[in-house]
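What follows is each chain in one-letter form.
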Amino acid sequence: EADIYQTPRYLVIGTGKKITLECSQTMGHDKMYWYQQDPGMELHLIHYSYGVNSTEKGDLSSESTVSRIRTEHFPLTLESARPSHTSQYLCASSESKTPWGVEQYFGPGTRLTVT
Amino acid sequence: GESVGLHLPTLSVQEGDNSIINCAYSNSASDYFIWYKQESGKGPQFIIDIRSNMDKRQGQRVTVLLNKTVKHLSLQIAATQPGDSAVYFCAEKRTGGSYIPTFGRGTSLIVHP
């Protein structure tokens, strides 16, 4: 089992609210990622981080922000939730042991519903 | 455009049969491929990977085959069990690109007892 955790697991929230999705890993991995996934569909990268104080936007514009103040913690914030943000959000981490290995360890996900 | 995708969205098999899940990719510069399994309500889980200098790699009950000529990747699961029911994703990493893999659309594997 991978040691990566996400809270909350489920969240129903009204339009316009600010929310933060939490992600923590205890593996000491330097790289962390946030993906958005609709049921059965591919994963879309929304943010990633090479390490502390490093964050980058991914392919999908999600109107969210992230921070990486500590190695183990990579929270995702939506300043103003909209119904279009309804989706599953997956956090992942990986380490840079080899130039080939990009094995990512995923958390269980947060299923967000914006009403 | 460049893409990683799967041929079939759903595959139904009987318990004990062998399963084959296919994946096509279009970027010949991809040098590393990964298969993930995602069970309902969980995040994807790494199954097996293969580098572009290989054409076959075996794990426990799983085999990945890579055909670079036709840019095709397959995952074979031997003696499929009900616990194998999940959505399977292939992902690619491109040579010289970032370390972040690109995911294709999943294939849902349904195993009937």
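Details of the structure are given in the entry above.
On a predicted model such as this, the values are computed, not experimentally measured, just so you know. (Residues numbered from 1 in each chain as written. Chains lettered and ligands numbered in written order. Predicted model: local features only at pLDDT ≥ 70, side-chain atom pairs only at ≥ 80, totals over all residues. Heavy atoms only, no water.)

Draft legend 1. Layout of the overall build of chain B. A tally of helices and strands in chain B yields 0 helices and 11 strands. Moving toward the C terminus, one meets the helices and strands of chain B in the order β-β-β-β-β-β-β-β-β-β-β. By the burial criterion, 45% of the 113 residues in chain B qualify as buried. Here the analysis covers contacts within chain B between residues at least 6 apart in sequence; of these, 54% occur between residues at least 24 apart. As displayed, chain B has an accessible area near 5,400 Å², and 46% of this comes from carbon and sulfur atoms. (Helix = DSSP H or I, 4+ residues; strand = E, 2+ residues; numbered from the N terminus. Buried < 20%, exposed > 50% of the residue type's maximum accessible area, 1.4 Å probe, protein only. Contact = heavy atoms within 4.5 Å. Areas by Shrake-Rupley, 256 points an atom, 1.4 Å probe, with all protein chains shown as cover.)

Draft legend 2. How the structure looks around the state of the cysteines. Here the structure, examined in full by the defined rule, presents 2 disulfides over all chains. Bridging Cys23 of chain A to Cys91 of chain A, the disulfide has an S-S length of 1.9 Å. Its S-S torsion of about -75° marks the bond between Cys23 of chain A and Cys91 of chain A as left-handed, since a negative value means left-handed. Taken together, the residues Cys23 of chain A in strand β3 (residues 19–25) and Cys91 of chain A in strand β9 (residues 87–94) connect sequence positions 68 residues apart. Here Cys23 of chain A and Cys91 of chain A have matching classes, each one buried. Here Cys23 of chain B is linked by a disulfide to Cys90 of chain B, with a sulfur-sulfur distance of 1.8 Å. Here the S-S torsion is close to 50°, and the disulfide linking Cys23 of chain B with Cys90 of chain B is therefore right-handed. (Disulfide = S-S within 2.5 Å.)

Draft legend 3. Geometry of the nonpolar core. Ranked by size, the top nonpolar core spans 20 residues in total, and within it Ile21, Trp35, Leu73, Leu75, Tyr88 and Leu109 of chain B carry the most contacts. Those elements that provide at least two residues to this core are β2 (10–14), β3 (19–25), β4 (30–38), β5 (45–51), β7 (62–67), β8 (72–77), β9 (86–94) and β11 (107–112) of chain B. (Core = buried A, V, L, I, M, F, W, Y, C linked by side-chain atoms within 4.5 Å.)

Draft legend 4. Here's a closer look at the sheet that holds strand β1 (residues 4–7) of chain A. All names here are of chain A. One open sheet holds the 4 strands; their spatial order is β1-β3-β8-β7, and the pairing between them is antiparallel. Strand pairing shows two members of the sheet lacking a second neighbour, β1 and β7 (64–66), which therefore form its edges. The mean angle between the axes of side-by-side strands here comes to 15°, regardless of whether they run parallel or antiparallel. Sheet analysis places β3 next to strand β8 (residues 76–78), joined by 3 bridges and oriented antiparallel. Residue pairing for β8: Ile19 is matched across the bridge by Leu78. (Pairing = 2+ DSSP bridges. Axes fitted to C-alpha atoms, helices over the stretch in contact; angles between N-to-C directions.)

Draft legend 5. Spatial organisation of the packing of aromatic side chains. A complete count under the given rule lists 9 aromatic pairs over all chains for this structure. When the ring of Tyr33 of chain A is compared with that of Tyr35 of chain A, the centres are 6.3 Å apart and the planes differ by 25°; the resulting orientation is stacked. Of the residues examined, Tyr33 of chain A reaches a relative accessible area of 0% and is grouped as buried. Relative to Phe33 of chain B, the ring of Tyr25 of chain B lies with its centre 4.6 Å away and its plane at 45°, an arrangement referred to as tilted. One aromatic cluster is present, formed by Tyr33, Tyr35 and Phe106 of chain A together with Tyr36, Phe46 and Phe103 of chain B through successive ring pairs. (Phe/Tyr/Trp six-rings, centres within 6.5 Å; stacked < 30°, edge-to-face > 60°.)

Draft legend 6. How the structure looks around the interface of chain B and chain A. Taken together, the contact between chain B and chain A spans 20 residues of the former and 24 residues of the latter. Taken together, both faces of the contact between chain B and chain A bury some 1,900 Å²; the carbon and sulfur share is 64%. Linking chain B with chain A are 0 salt bridges. Counting every contact that joins chain B to chain A gives 3 residue pairs in polar contact (both at pLDDT 80 or more). With 5 residues, the single largest contributor to the side of chain B that touches chain A is β4 of chain B. (Buried area = accessible area lost by both parts, 1.4 Å probe. Salt bridge = Lys/Arg side-chain N within 4 Å of Asp/Glu carboxyl O. Polar contact = N/O pair within 3.5 Å; in protein donor to acceptor, adjacent residues only side chain to side chain.)

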